[in-house]
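Examination of the molecular architecture
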Amino acid sequence: MLRLSRTGHEIPLLKRHIEFQRRSLSRGTGNNPNPLPHTENYVDVKEVVVISQKQSALGLSTIKEQLHAPFDPIETPGFLKHPRTCGLVGMPMSWGQPHGGTDQGPDLLRKRGIVDFIKGLEWRISDHRDIEFEEPKIDDPNTEGLKLKNAYAVGMANRKLAEKTYELAKSGQFALTMGGDHSIALGSIAGLLKARPDMAIVWVDAHADINTPETSPSGNLHGMPIAFLMGLSDIVPPGFEWLSEYPKLSADSLAYVGLRDVDEGERRLIKDLNIKAYSMYEVDRYGIGAVMEHCLQAISPQNSRPIHLSYDIDAVDPDLAPATGTMVRGGFTLREAHYICERMAETGMLGSMDIVEVNPTLTCTDGASATVELGVQLVLSAMGNRIL
């Protein structure tokens, strides 16, 4: 993982030593509410160590990371089955924005070891691989008069994803969707809402992604999923007709965390709809702990609703996550980024997550590695990784 020293010098990731020790876990009884069956799918991570072998301002440095499930297991929500199972699906989408490369996200996260790491937190894995979909074609139905780019291809691909996340949620799995640009949240959340109609969404992002076709300055669909999920426009682009079969997202079921680059039309919509929104100003003023308490109280006062976490890597400061397409300075620190995920897991009601907008083509090799690494670690924090 890329780390900055106190003097601002980079300590790049050069080599990782990962040691796995397979173990068999007995069913057990005692005080453990979720006894684990005998299975070779569980992994103990003895040690995860990052060694920097490049001279920095601090000299040769050793950076250590750990992977630990909590001693006291986080309560599994009633809508997830036992034993806990993570339904993993890749959505290699790049057509919702102008840069190629976000389609590599699922493959990079898998190669980085996300499957084995999740197993190390005592989850079972049901890997559904990547959603297959058609690329935009010259003879796709057009959106004449609209500034929408690749609408038919993006819409139809998201229909397939919605069918998959509905299937995962209906079967009681934790649905983890690996993007892909943030337009994929249209499909992932639509399917989840159909299975869990009372679900609330925490949207962690530098951007609000609530532009409508009428307000969007760019026409890029990764800036519009919330608007389509809420039905804020009368325009139904070609490829989006299927959304009429899915429930709408209500304004009181959504909270933003980390906003710092919001278009004028989006600001108006957030205000008019009274959507809970916590920008980096609130994070700076009150601290991430207070912001998350206020956020969770707003969307689920009794902590009784399923929660979905949609996490755009550009919410993190670009010094830490440079491999993304819409960087804005002044984002989360490393600990703020992780705290959000840790607190979400602590609710015991987190049932699904998106991790999106990792794009390795937009920076150097070290920057790409650091961003992929961070994406993996954030998912792990959301799924129960703990310091103590």
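The present account deals with the structure reproduced in this document. (Residues numbered from 1 in each chain as written. Predicted model: local features only at pLDDT ≥ 70, side-chain atom pairs only at ≥ 80, totals over all residues. Heavy atoms only, no water.)

1. As for the overall build of the protein chain
Note the cut-off: For helices the rule is a DSSP run of H or I covering at least 4 residues; for strands it is a run of E covering at least 2, with both sets numbered from the N terminus onward. Whether a residue is buried, partly exposed or exposed follows from its accessible area with a 1.4 Å probe, protein chains only, as a fraction of its type maximum: under 20%, in between, or over 50%, in that order. By the convention used here, residues are in contact when the closest approach between their heavy atoms is within 4.5 Å. Accessible surface is estimated by sampling points in the Shrake-Rupley manner with a 1.4 Å probe; for residues, cover comes only from the protein chains shown.
Along the backbone of the protein chain there are 10 helices and 13 strands. Counting all 388 residues of the protein chain, 57% fall into the buried class. The long-range share in the protein chain, meaning contacts at least 24 apart out of those at least 6 apart in sequence, stands at 75%. Looking at the protein chain as shown, the accessible area adds up to about 16,700 Å², and 48% of this sits on carbon and sulfur atoms.

2. So, the side chain of Thr371
The condition that has to hold: Polar contacts, as used here, are pairs of N or O atoms within 3.5 Å; protein pairs need one atom able to donate a hydrogen and one able to accept it. Residues neighboring in sequence count only if both atoms are side-chain atoms.
Its location among the elements puts Thr371 in helix 10 (residues 365–382). Relative accessible area serves as the criterion here: at 0%, Thr371 is assigned to the buried category. Here the side chain of Thr371 touches Ala323 through a polar contact of 3.0 Å, landing on its backbone nitrogen. The residues contacting Thr371, other than those within four sequence positions of it, are Ile313, Ala321, Pro322, Ala323 and Val358.

3. Remarks on the packing of aromatic side chains
The criterion, for reference: Stacked, tilted and edge-to-face are the three classes applied to pairs of Phe, Tyr and Trp rings, where Trp contributes its six-membered ring and a pair requires centres within 6.5 Å; stacked means planes under 30 degrees apart, edge-to-face means over 60, and tilted covers the rest. Charge over a ring is defined by NZ of Lys or CZ of Arg lying within 6 Å of the ring centre and within 35 degrees of the ring normal.
Evaluation of the coordinates by the stated rule reveals three aromatic pairs. The interplanar angle of 45 degrees and the centroid separation of 4.7 Å between the aromatic rings of Phe228 and Phe240 together place this pair among those described as tilted. You can see Phe228 sitting in helix 5 (residues 225–230) and its partner Phe240 sitting in the loop between helix 5 and strand 10 (254–259), a full 12 residues away along the chain. As far as burial versus exposure is concerned, Phe228 and Phe240 are alike and both buried. With a centroid separation of 5.3 Å and 90 degrees between ring planes, the pair formed by Trp242 and Tyr246 is classed as edge-to-face. Here Arg84 stacks its cationic end above the ring of Trp123, 4.2 Å away from the centre of that ring.

4. A short note on the pattern of salt bridges
As a reminder, the rule being used: A side-chain nitrogen of Lys or Arg and a carboxyl oxygen of Asp or Glu constitute a salt bridge if their distance falls within 4 Å.
Counted under the stated rule, the structure contains 14 salt bridges. In this structure, the salt-bridge partner of Glu264 is Arg268, at a minimum N-O distance of 3.9 Å. Of this pair, Glu264 and Arg268 are both found in helix 6 (residues 264–272), four residues apart, which corresponds to roughly one turn of the helix. Through salt bridges with shared partners, one network takes in Arg110, Asp127, Arg129 and Asp130.

5. Digging into the pairing of strand 8 (residues 174–179)
Rules: Strands were regarded as paired on the criterion that DSSP finds at least two bridges between them.
Burial runs high along strand 8: six of the six residues are buried. Going residue by residue along strand 8, you find Phe174, Leu176 and Met178 tucked away on one face and Ala175, Thr177 and Gly179 tucked away on the opposite face as well. The sheet contact formed by strand 6 (residues 85–91) and strand 8 spans six bridges and is parallel. Looking at strand 8, one finds that Gly87 is bridged to Ala175.

6. Brief notes about unusual backbone geometry
Most peptide bonds adopt trans geometry, and most residues besides glycine take a negative phi value. In this chain, His82 is followed by Pro83 through a cis amide linkage whose omega measures -10 degrees. Relative to the helices and strands, Pro83 is located in the loop between strand 5 (62–65) and strand 6. With an omega of 15 degrees, the peptide bond running from Gly179 to Gly180 counts as cis. Mapping Gly180 onto the fold places it in the loop between strand 8 and helix 4 (185–195). One non-glycine residue, Glu122, lies in the positive phi region at around 70 degrees. Mapped onto the secondary structure, Glu122 falls in the loop between helix 2 (114–120) and strand 7 (124–130). Residue classification places Glu122 among the partly exposed positions, given a relative accessible area of 26%.

7. Let's talk about the packing of helix 9 (residues 334–346) against helix 10
Counted only if it meets this: Lines are fitted to the C-alpha atoms to define the axes, a helix being fitted only along its stretch in contact, and any angle between axes, read from their N-to-C directions, falls within 0 to 180 degrees. Asp, Glu, Lys and Arg are counted as charged, while Ala, Val, Leu, Ile, Met, Phe, Trp, Tyr, Cys and Pro are counted as nonpolar; the rest, among them Gly, fall into the polar class.
Running from N to C, helix 9 and helix 10 cross one another at 30 degrees; their axes reach a closest spacing of 7 Å. Facing Leu334, Ala337, His338, Cys341, Glu342 and Ala345 of helix 9, the residues of helix 10 in contact are Leu374, Gln377, Leu378, Ser381 and Ala382. Residue composition of the contact of helix 9 with helix 10, grouped by class: seven nonpolar, three polar and one charged.

8. Quick notes on the environment of Met91
Structurally, Met91 is set in strand 6. Contact partners of Met91, with chain neighbours within four places excluded, come to Pro106, Ile131, Phe133, Ala157, Asn158, Leu161, Thr177, Met178, Gly179, Gly180 and Ile184.

9. Concerning the nonpolar core
Keep this limit in mind: Residues belong to one nonpolar core when they are buried, are Ala, Val, Leu, Ile, Met, Phe, Trp, Tyr or Cys, and are joined through side-chain atoms within 4.5 Å.
By size, the foremost hydrophobic cluster in this structure holds 54 residues, and its most contacted members are Leu176, Val257, Leu309, Tyr311 and Phe332. Per element, the largest residue contribution to this core is seven residues, and it comes from helix 10. Not counting the four nearest positions on each side in its chain, Tyr311 is found in contact with Val204, Val316, Phe332, Ala337, Ile340, Cys341, Met353, Asp354, Ile355, Val356 and Leu378. Core analysis: the next-biggest nonpolar cluster, separate from the first, contains 47 residues, Val89, Ile184, Trp203 and Val356 among them.

10. Observations concerning helix 10
Going by this rule: The span you would expect from a helix comes to 1.5 Å times its residue count less one.
For helix 10, spanning 18 residues, the distance from its first C-alpha to its last is 26 Å, which sits close to the expected 26 Å at 1.5 Å a residue. Most of helix 10 is tucked away: 15 of the 18 residues are buried. Of the residues one or two after helix 10, Gly384 is the one with positive phi, at around 120 degrees.

11. What to know about the sheet that holds strand 13 (residues 350–356)
Here we have eight strands laid out as an open sheet, ordered 7-6-8-13-12-9-10-11, and parallel in their pairing. Bordering the open sheet on either side are strand 7 and strand 11 (276–279), each of which pairs with just one other strand. With strand direction ignored, the average angle separating the axes of adjacent strands in the sheet is 15 degrees. As judged from the five bridges shared by strand 6 and strand 7, these two strands associate in the parallel manner. Bridging across to strand 7, Gly90 finds its partner in Asp130.

12. Considerations on the side chain of Ser253
Relative to the helices and strands, Ser253 resides in the loop between helix 5 and strand 10. Of the polar contacts made by the side chain of Ser253, one reaches the side chain of Ser250; its length is 2.8 Å. Setting aside its immediate chain neighbours within four residues, Ser253 contacts Met199, Ala200, Ile201, Ile299 and Arg305.

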